Structures are given as C-alpha cells and as structure tokens.
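# Architecture and fold: a report
What follows is the residue order along each chain.
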Amino acid sequence: MSALLLQLTDLHILPAGELAYGQIDTAGLLQQTLRAVAALERRPDAAVLTGDLVDNGSAAAYAQLRTLLAPLDMPLYLLPGNHDDRQQLHQAFPEAAPLNADGFVQYTADIGGLRLIVLDTLVPEASHGALCPRRLSWLSDALEDCRDRPVVIAMHHPPFTTGIDHMDKIGLLEGVSELDALLRRHPQVQRLLCGHMHRPIQCLFGGTLACTLPSTAHQLALDLPDDAPAQWTMEPPGFGLHLLDDQGLMVSHLGTSTPFAGPFPFGTDSTQLLAQATV
Ligand SMILES: [Fe+2]
C-alpha cells in the first residue's frame, strides 16, 4: 500500500508577534510553506515534523505553533529538537507528541503500508543530541515489531557528521555506533529522516539513507572549512515529500516553499504565460 509522507523541520516558531533573532518571521515563512503544500496535486497522507518546532520551548510558542498548523489537515507526528521543551511540547500536542513509559517522545504510527518510528534525541539544556541505552532499547523493540514492512525513522539530530564543523560539534554525540549496528540488522528501514542542519544533506548510515532538509524558515550557510563561523542565510526554505510505492520502495523529493512561476505545459509557447506569471 502506497503512502506519501510530508516532512517539515526546524520551524523555530516564537510567541505571536515575535521574530527569530529579532528579524526572521518564522511564522510567516511557515505559512508560506503550508501554502506550497496546499497547492500540491497529491495531498500527503500525514506529516512528520522533525524538531525545533519552536525557538524557545515556551508554552506561548507552542500555542502559536498549534494555531499556525491548524490548516494542515492531516495526521501530525511531532518530535522535539534542541530548541524544544519535551514537557511543553507534550502538553500542547498530547495526541501528536506522546510520551513513552520512559518519558521520551518515542512512538510508532502506521501511514498506509509504512511504519513510522519516532525517536527523541533531546538532551535538556543542551544543543547536542543523544540516544541513551533506554532510547535505543525501545528502538530495538520497535524494529523487531515491524520486520515485515517498510519503515522510516524520524529524529532531530542526524547521526552523521556533515562537514559543517560548528554543527557537527552539537550533533548526535551519544549512541551513534549502537544505532549504526542496530540499523544494519534491519534492512526494512528505508529512511532516517532528520532535521537540525537547516540544509538538504544525504548520507549512507547503518545501511540506509539518512537525510536532513531545509528549514521552513532560515538556513545555515554552506560553510565547509573546519573553522567556519556559525552563520545563517535566507536561502529558499523547503519541505520533504517521501513517497512509498506499492512495491515498498521509497523515493524522496525536496519541494521549495518560495512562490515560483509555472507549471507550464511543454509543446506550447509559454513566453506569454511566463511574462504574465512574473508580473
Ligand atoms: Fe533548528
């Protein structure tokens, strides 16, 4: 059974009326992304939001997030990033960010023929992430429970180094080798969907494809020198669309949130259409 999963990440929403770093309208940019999603010809079956949902973990920010996400009329699956507060997130979205018996935002969901496994890499009061033995044990059980179907795992901190040095220092710093070994025993895992990097990056990890996406708001500069400073940009925001086909294989698309001209049919003179679209 096919499935289409929307991924949004690093929304960094603030309380109504506030701007990130005093200048980035993260709410307006999220609304722009949601308009792009609403214009898609095929409606996603569900959405997973891979952390940094708000910028400061406050109840007021989660209230604003809830208001902004209201038009997204599909099942939502949320998880925390380092800018989130686990308890505040759960209180604002008890149905979309449930806690497991250990108190982590770790749960599973079925989307068509796809099993989604959500992991919580949050370390309170820290920027880096961790998968401690309790979280990994839970994941091991979750994977054993679904050997017979395609799986995607969603988590905030990517488990691979990216070459963006200042971010790698606050990446997933605990549980990486254990996660690698665990995934190698589970070839049913089609994707590891991550956030944190505010850029589209892919890496083979644990025998599966691990990837990050652009933020719906601001991006991180593509700075690969070892000593590059932490800088942000207003490169175009975007979203992910992960399509599982009827044979159980997944393809992943990157959509852009920024308005653009088109689509135009091939085989016709689009000059006039383009001129009208760009007025
Ligand atoms: Fe972020």
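Please read these numbers as outputs of a predicted model, since none were measured by experiment.

### As for the packing of aromatic side chains
Aromatic ring pairs are described here by two measures, namely the spacing of the ring centres and the angle between the planes. Inspection of every chain in the model, using the stated rule, returns two aromatic pairs. Plain terms: the ring middles of Tyr-21 and Trp-232 are 6.3 Å apart, the flat faces sit at 15° to each other, and that makes the pair stacked. Here Tyr-21 is found in the loop between β1 (3-8) and α1 (26-38), whereas its partner Trp-232 is found in strand β13 (residues 232-233), with 211 residues between them in sequence. According to the relative accessible area criterion, Trp-232 is partly exposed, its value standing at 35%.

### Looking at the pairing of strand β15 (residues 250-256)
Remember that side chains alternate between the two faces of the sheet whenever the strand is regular. Direction of pairing for strand β14 (residues 238-244) relative to β15: antiparallel, over a ladder of seven bridges. Bridge pairing in β15 places Leu-243 opposite Val-251. In this antiparallel pair of consecutive strands, β14 and β15, the connection spans five residues, and Gly-248 shows a positive phi of 90°.

### Digging into the sheet that holds strand β3 (residues 76-79)
Taken in spatial order, the five strands of this open sheet run β3-β2-β1-β14-β15, and their pairing is mixed. Edge positions in the sheet fall to β3 and β15, since each of these pairs with one other strand and no more. Each neighbouring strand pair of the sheet contributes to a mean axis angle of 20°, computed without reference to strand direction. Pairing of β1 with strand β2 (residues 46-50) involves four bridges; the strand directions are parallel. By the bridge assignment for β2, Leu-6 is matched with Ala-47. Along the sheet, α1 contacts β1, β14 and β15; its crossing angle with β1, the most-contacted strand, is approximately 165°.

### A few points about the sheet that holds strand β7 (residues 151-154)
Two strands in a sheet stick together by hydrogen bonds in their backbones, pointing the same way (parallel) or opposite ways (antiparallel). Strand order in the open sheet made by the six strands is β4-β5-β7-β9-β11-β10, with mixed pairing throughout. The sheet terminates laterally at β4 (107-111) and β10 (201-205), the two strands that pair on one side only. With direction set aside, neighbouring strand axes in the sheet form an average angle of 20°. Sheet topology places β10 next to strand β11 (residues 208-212); five bridges connect them, and they run antiparallel. Its bridge partner lying in β11, Ile-201 is registered against Thr-212.

### Some details on helix α4 (residues 133-144)
Taking 1.5 Å as the rise per residue, α4 with 12 residues should run 16 Å; its terminal C-alpha atoms sit 16 Å apart, in good agreement. Among all positions in α4, only Arg-135, Leu-136, Trp-138, Leu-139, Ala-142 and Leu-143 are buried. Projection of α4 onto a plane perpendicular to its axis shows the buried side chains occupying an angular sector of 155°, all on one side. When the buried face of α4 is taken as reference, the exposed residues oriented beyond 90 degrees from it are Pro-133 and Asp-141.

### Thoughts on the coordination of the iron ion
Looking at the metal site, the iron ion is ligated by Asp-10 (OD), His-12 (NE2), Asp-52 (OD) and His-198 (NE2), spaced 2.1 to 2.2 Å from it. In primary-sequence terms, the residues that donate to the iron ion follow D-x1-H-x39-D-x145-H. One end of the pair, Asp-52, is in the loop between β2 and α2 (59-69); the other, His-198, is in the loop between β9 (189-193) and β10, and 146 residues separate them in sequence. With respect to class, Asp-52 is no different from His-198; both count as buried.

### As for unusual backbone geometry
Note that the residue after Gly-262, namely Pro-263, is joined by a cis bond; omega there is 5°. Considering the arrangement of structural elements, one finds Pro-263 in the loop between β15 and α7 (271-277). One non-glycine residue with positive phi stands out, namely His-12, at about 50°. Here His-12 shows up in the loop between β1 and α1.

### Comments concerning the packing of α4 against helix α6 (residues 176-184)
Their axes nearest at 11 Å, the elements α4 and α6 cross at an angle of 10°. On the basis of the axis angle, α4 is roughly parallel to α6. Between α4 and α6, the residues in contact are Leu-136, Leu-139, Ser-140 and Leu-143 and Glu-178, Leu-179, Leu-182 and Leu-183, respectively. Of the residues contributing to the contact of α4 with α6, the split by class is six nonpolar, one polar and one charged.

### Details of the layout of surface pockets
Where empty space is left in the structure can be found by rolling a water-sized probe over the atoms. Estimated volume of the largest pocket: approximately 340 Å³. Of all the elements in the fold, those that place two or more residues in the lining of the largest pocket are α1, β14 and β15. Residues belonging to the lining of the largest pocket are distributed by class as follows: nine nonpolar, six polar and two charged. If you add up the space inside the second largest pocket, you get close to 240 Å³. If you go around the second largest pocket, you meet 16 residues; those closest to its centre are Tyr-21, His-83, Met-167, His-198 and Leu-220. Taken together, the residues of the lining of the second largest pocket sort by class into six nonpolar, nine polar and one charged.

The rules we used
- Residues numbered from 1 in each chain as written.
- Predicted model: local features only at pLDDT ≥ 70, side-chain atom pairs only at ≥ 80, totals over all residues.
- Heavy atoms only, no water.
- Phe/Tyr/Trp six-rings, centres within 6.5 Å; stacked < 30°, edge-to-face > 60°.
- Helix = DSSP H or I, 4+ residues; strand = E, 2+ residues; numbered from the N terminus.
- Buried < 20%, exposed > 50% of the residue type's maximum accessible area, 1.4 Å probe, protein only.
- Pairing = 2+ DSSP bridges.
- Axes fitted to C-alpha atoms, helices over the stretch in contact; angles between N-to-C directions.
- Contact = heavy atoms within 4.5 Å.
- Expected span 1.5 Å × (residues − 1).
- Arc of directions from axis to C-beta.
- Donors = N, O, S within 2.8 Å, 3.2 Å for Na, K, Ca; no water.
- Parallel < 35°, antiparallel > 145°, perpendicular 65-115°, else oblique.
- Nonpolar A, V, L, I, M, F, W, Y, C, P; charged D, E, K, R; others polar.
- 1 Å grid on protein atoms, 1.4 Å probe; cavity = no way out; pocket = protein on both sides within 12 Å on 5 of 7 lines; lining within 4 Å.
- Points joined across faces, edges and corners; volume = space filled by probe spheres on them.

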